Amino acid sequence: GGHLAAMEATYKEKIDGEGVDEIDSIDFIPNAQILCYPVILGYENEFAHKGSYTKLLGEENLSFAAKIDPSANVSEATPQAFIWHTAEDNNVNVINSYEYAKALRLNNVPVEMHIFPHGKHGLGIIRAPEHVRQWTGLLINWFKEIDWIL
């Protein structure tokens, strides 16, 4: 989910089938992005989550992986981001979030990021350690910061 959300926020290449109906006249780039322990780095990167790319693209299309690496597609037009991750995530390395935040910053895109020391991948709210559950309150504060709620 995190990879698809980041890809939606950064991928700007023309897609086969565009321009065939009315919906294509609407800009699909979101106003902001909220990423929880996202897969970001491209397939060739040592910290990439290769299984995600294989499932998304299929073995026969892995050569396309570099084109959908969100960290490589960040631009000044990329929407602001809220990111959280846990340092001990053994499924998706936290380096993914660090590198994406770095790419955002280098392109002057506002980013708020929280790295919690403990917790595995896929925590959400229910299974998260108490300390990690505060991400929801931090997100609400971020909504206030960007004037989405009062």
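Structure: see above.
Values in this document were obtained by computation on a predicted structure and should not be read as measured data. Along each chain, residue indices are assigned from 1 in the same order as the chain's sequence is written. Residues qualify for local features only when their pLDDT is at least 70, as the model is predicted, and side-chain atom pairs are given and counted only at 80 or more; totals for whole chains, interfaces and linings, by contrast, use all residues. Calculation of side-chain values draws on the structure's entire complement of heavy atoms; hydrogens and water are dropped beforehand.

Colleague: Any details on unusual backbone geometry? Residues and values, ideally.
Modeller: The phi dihedral of Tyr-37 falls on the positive side, at around 35°, and the residue is not glycine. Position of Tyr-37 relative to the elements: it lies in the loop between strand E1 (32–36) and helix H2 (50–57). In this structure, Asp-147 takes a positive phi of about 65° despite not being glycine. Strands here mean DSSP runs of E at least two residues long; helices mean DSSP runs of H or I at least four residues long; both are numbered from the N terminus. The residue Asp-147 is located in the segment after helix H5 (135–145) in this model.

Colleague: Would you mind going over the nonpolar core in detail, with residue names and values included?
Modeller: Membership of the largest hydrophobic core comes to 14 residues, with the highest contact counts inside it found for Phe-82, Trp-84, Phe-116, Val-132, Trp-135, Leu-139 and Trp-142. Within the residue set of this core, elements represented by two or more residues are strand E2 (80–86) and H5. The element that contributes the greatest number of residues to this core is H5, accounting for five residues. Aside from chain neighbours lying at most four places away, what touches Leu-139 is Ile-34 and Phe-82. Put simply, buried Ala, Val, Leu, Ile, Met, Phe, Trp, Tyr and Cys residues joined by side-chain atoms within 4.5 Å make one nonpolar core. The cut-offs for exposure are 20% and 50% of the maximum accessible area for each residue type, with area from a 1.4 Å probe on protein chains only; residues under the lower value are buried, those over the upper are exposed, and the others partly exposed. Note on contacts: a residue pair qualifies if any of its non-hydrogen atoms lie within 4.5 Å across the two residues.

Colleague: Quick rundown of the pairing of E2? Include the residues and the values.
Modeller: The buried fraction of E2 amounts to six of the seven residues, a majority that puts the element mostly inside the structure. Pairing of E1 with E2, which is carried by five bridges, proceeds in the parallel orientation. Following the sheet pairing, Gln-33 is matched in E2 by Ala-81. DSSP-based pairing: two strands are paired if at least 2 bridges between them are found. Summarising the sheet, E2 and strand E3 (residues 111–116) pair through six bridges and their orientation is parallel. Paired with Thr-86 across the two strands is Phe-116, which belongs to E3.

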